[in-house]
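Each chain, letter by letter, is given below.
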Protein chains: 2
Amino acid sequence: MKEIEYIDTKLNNFKIRYAQENDVSIILEFIKELASYEKLNDQVVATEDILKRSLFDRKVAEVLIGEYDCKPVCYAIFFYNFSTFTGKPGIYLEDIYVKPEYRNKGIGKIILTYIAKLATDRDCSRFEWACLDWNEPSINFYKSLGAVPMDEWTVYRLEGDSIKKLAEKF
Amino acid sequence: MKEIEYIDTKLNNFKIRYAQENDVSIILEFIKELASYEKLNDQVVATEDILKRSLFDRKVAEVLIGEYDCKPVCYAIFFYNFSTFTGKPGIYLEDIYVKPEYRNKGIGKIILTYIAKLATDRDCSRFEWACLDWNEPSINFYKSLGAVPMDEWTVYRLEGDSIKKLAEKF
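In this convention, every chain numbers its residues from 1, walking through the sequence in written order. Labels are handed out in written order, letters beginning with A for the chains and numbers beginning with 1 for the ligands. Local features in this predicted model are restricted to residues whose pLDDT is 70 or higher, and side-chain atom pairs enter the listing and the counts only when it is 80 or higher, whereas totals over whole chains, interfaces and linings include all residues. Think of the side-chain values as coming from all heavy atoms in the structure, minus any hydrogens and water.

1. With respect to the interface of chain B and chain A
And then number 1: Residue-level contacts link 78 residues of chain B with 77 residues of chain A.
And then number 2: Together, the buried faces of chain B and chain A total about 7,200 Å²; carbon and sulfur atoms form 65% of this surface.
And then number 3: Per-residue buried area on chain B facing chain A is highest for Phe85, Tyr156 and Phe170 of chain B; these three make up 14% of the total on that side.
And then number 4: Each reported salt bridge corresponds to a side-chain nitrogen of Lys or Arg within 4 Å of a carboxyl oxygen of Asp or Glu. Taken together, chain B and chain A are joined by 4 salt bridges.
And then number 5: Between Arg157 of chain A and Glu128 of chain B there is a salt bridge, with its nearest N and O atoms 2.7 Å apart.
And then number 6: The definition of a polar contact used here is a pair of N or O atoms within 3.5 Å, where within protein one atom must be able to donate a hydrogen and the other to accept one, and adjacent residues in sequence count solely through side-chain atom pairs. The interface formed by chain B and chain A holds 30 residue pairs in polar contact (both at pLDDT 80 or more) in total.
And then number 7: Take the side of chain B that touches chain A: its biggest share by element is 9 residues, from helix α3 (residues 107-121) of chain B. Any two residues whose heavy atoms approach within 4.5 Å at even a single point are treated as in contact. Buried area is calculated as the accessible area (1.4 Å probe) missing from two parts once they are joined, with the contributions of both summed. Counting from the N terminus, the helices are DSSP H or I runs at least four residues long and the strands are E runs at least two residues long.

Here is the structure:
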């Protein structure tokens, strides 16, 4: 994996690179900022050690960092999902976040376009992500890229104690 | 990976095992039956070759098969997702299906309980799946297991040509 994936000379040398292990504190900072924007701060229990283990030891997801003016200003975290209907993997984007002061420059679109290209290069049949229903600016942006809302589906979740409670019945 | 994961002597020796490469035709048959139940038959474009490559060469998902009376009667397909808020992987259940004539025996619950146990054994923070909003029997069943609907989120999807169209802008 090359360190630098993309440089945009027209956008102040905006650079996309894969995160390395020593980026873990920046990643956690981004996660907390995004959670704060989503009004979900209380749900962040990740620590640098936990992220290090998941992202760099177990490698369960990939992380891109975007740099503007040589400063990290955005990140994206994604992993493979799988569609039985197409029989192929897809890319699921867990998080995308651009720092407020760097918005409206086209950075979010460059990152999403880059991941769409990864999806085609990697023979993925879908590129998906979830968005909060009140987040209208993001929803309009996603629709402008051609994304379609899966309105008829709802995700069901077991978490923490509710997983343990079910697991204990086995 | 052991071939047989579980035998239930009280349920006609109901057996759970990991699917092997030569199960690919059974898996495709199950996928088509589930799509038919979901009224989404036209969306199944997977073939045995495509599934073989994704599931057994690329290993992007794991498949469990349940056997009753020595016949395959159900399947479950799942993969790791990742939560930035917890910093840990989760298990995402793409498909679970029990043949109609084998329902109401507790088979679906055994499979879900088994995967919940896998989730705890593998240090996963969440166990999730999606359900169609009109599928009330399944929704009630999932809620009875403690699952919570993520009502405030919607998944957005790019697929096929819409991915290519976006990727070409890169």
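2. Concerning the packing of helix α1 (residues 24-37) of chain B against helix α2 (residues 48-57) of chain B
Residue and element names in this part refer to chain B.
And then number 1: Axis lines are fitted to C-alpha atoms, over the contacting stretch for helices. Their N-to-C directions set the angle, which ranges from 0 to 180 degrees. α2 packs onto α1 with a crossing angle of 105° between their chain directions and a minimal axis gap of 10 Å. It follows from the interaxial angle that α1 and α2 lie roughly perpendicular. Between α1, through Val24, Ser25, Ile27, Leu28 and Ile31, and α2, the contact on the second element is made entirely by Glu48, Leu51, Lys52, Leu55 and Phe56.
And then number 2: In this classification, Asp, Glu, Lys and Arg are treated as charged, Ala, Val, Leu, Ile, Met, Phe, Trp, Tyr, Cys and Pro as nonpolar, and every other residue, Gly included, as polar. Its residues assigned to classes, the contact of α1 with α2 shows 7 nonpolar, 1 polar and 2 charged. Here the angle decides the label: under 35 degrees means roughly parallel, over 145 means roughly antiparallel, 65 to 115 means roughly perpendicular, and every other value means oblique.

3. Examining the relation of the copies chain B and chain A
And then number 1: Under the fitted operation, chain B is carried onto chain A by 0.0 Å of movement along the axis and a turn of 180°, and the coordinates agree to an RMSD of 0.0 Å. Such a combination of turn and shift is consistent with a two-fold rotation axis. Here the copies were fitted onto each other by least squares, based on C-alpha atoms from residues at pLDDT of at least 70 in both.

4. Looking at unusual backbone geometry
And then number 1: Not every positive phi belongs to a glycine, and Lys39 of chain A is a case in point at roughly 60°.
And then number 2: Looking at where Lys39 of chain A falls in the secondary structure, it is placed in the loop between α1 (24-37) and α2 (48-57).
And then number 3: Burial here depends on accessible area, computed with a 1.4 Å probe over protein chains only, as a share of the maximum for the residue type. Under 20% is buried, over 50% is exposed, and the range in between is partly exposed. Given the relative accessible area of 63%, Lys39 of chain A is considered exposed.
And then number 4: Unusually for a residue other than glycine, Asp69 of chain B sits at a positive phi of about 55°.
And then number 5: Assignment of secondary structure puts Asp69 of chain B in the loop between β3 (62-68) and β4 (71-82).
And then number 6: Residue Asp69 of chain B is classed as partly exposed on the basis of its relative accessible area, which comes to 40%.

5. Looking at the sheet that holds strand β3 (residues 62-68) of chain A
Note: strands within a sheet are paired through backbone hydrogen bonds, in either parallel or antiparallel orientation.
And then number 1: The strand order across the open sheet formed by 8 strands is β1(A)-β2(A)-β3(A)-β4(A)-β5(A)-β6(A)-β8(B)-β7(A), and the pairing between neighbours is mixed. Every other strand in the sheet has two partners, leaving β1 (4-8) and β7 (148-149) of chain A as the edge strands with one partner each.
And then number 2: We call two strands paired when DSSP finds no fewer than two bridges between them. Bridge count between strand β5 (residues 88-98) of chain A and strand β6 (residues 126-132) of chain A: 3 bridges; the pairing is parallel. Residue Leu93 of chain A lies in a different strand from β6 of chain A, and its bridge partner there is Trp129 of chain A.
And then number 3: Where α1 of chain A meets the sheet, its contacts fall on β3, β4 (71-83) and β5 of chain A, and the angle it forms with β4 of chain A comes to roughly 80°.
And then number 4: Lying on the sheet, helix α4 (residues 136-144) of chain A is in contact with β5, β6 and β7 of chain A together with β8 (153-159) of chain B; it crosses β6 of chain A at an angle near 160°.

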